[in-house]
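Coordinates in review
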Amino acid sequence: ATVIARCVEVCICLVDASTNKVARVRLKYILDFKGSKVLMKTGRSMKKVKALLDEKGLLDKAMMVQKCGMEGEEIYPSMRDVDENASYFSVIVVEE
């Protein structure tokens, strides 16, 4: 299963595509779900997001792009290279 999420101060909003229902859940619980995850708009909470990924053993399974399709686009194959001051328009993909 793939979880698509928008980070909001290390809480996320989950959207069920079949019902369009939204649920707000703490990111640390979402990272326990099996399967790949997509975290959107993570920039403002990058330090906390990276710490949670590391705590869950997922930091080396994650990659990020910021400002995708925009001027200043940057791709990070390794989350270890991501600065704490990443753009608000950042997308992290965690592959499991």
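Here we summarise the structure given alongside this text. Quantities reported herein were computed from a predicted structural model and do not represent experimental measurements.

Thresholds applied
Residues numbered from 1 in each chain as written. Predicted model: local features only at pLDDT ≥ 70, side-chain atom pairs only at ≥ 80, totals over all residues. Heavy atoms only, no water. Helix = DSSP H or I, 4+ residues; strand = E, 2+ residues; numbered from the N terminus. Contact = heavy atoms within 4.5 Å. Areas by Shrake-Rupley, 256 points an atom, 1.4 Å probe, with all protein chains shown as cover. Polar contact = N/O pair within 3.5 Å; in protein donor to acceptor, adjacent residues only side chain to side chain. Phe/Tyr/Trp six-rings, centres within 6.5 Å; stacked < 30°, edge-to-face > 60°. Buried < 20%, exposed > 50% of the residue type's maximum accessible area, 1.4 Å probe, protein only.

**Quick notes on the overall build of the protein**
- Per the secondary structure count, the protein includes 2 helices and 7 strands.
- Order of helices (α) and strands (β) in the protein, N terminus to C terminus: β-β-β-α-β-α-β-β-β.
- Considering only intrachain contacts with a sequence separation of at least 6, the fraction spanning at least 24 residues in the protein is 57%.
- As displayed, the protein has an accessible area near 6,000 Å², and 51% of this comes from carbon and sulfur atoms.

**Focus on the environment of E73**
- Residue placement: E73 occurs in the loop between β5 (62–66) and β6 (74–76).
- Distance in space between the C-alpha atoms of E73 and F89 is 9.7 Å, their sequence separation being 16 residues.
- Engagement of the side chain of E73 in a polar contact is seen with the backbone nitrogen of G69, the distance being 2.5 Å.

**Observations concerning the packing of aromatic side chains**
- Counted according to the given criterion, the structure contains 1 aromatic pair.
- Aromatic pair Y88 and F89: ring centres 5.2 Å apart, planes at 75 degrees, arrangement edge-to-face.
- Overall, the relative accessible area of 23% leaves Y88 in the partly exposed class.
- With relative accessibility at 44%, the residue F89 sits in the partly exposed group.

**Side note on the side chain of K37**
- Mapped onto the secondary structure, K37 falls in strand β4 (residues 37–40).
- Taking relative accessible area as the criterion, K37 reaches 0% and is therefore assigned buried.
- For K37, the side chain forms a polar contact with the main-chain oxygen of G35, separated by 2.6 Å.

Interpretation note: all reported values are geometric properties and have no functional meaning in isolation.
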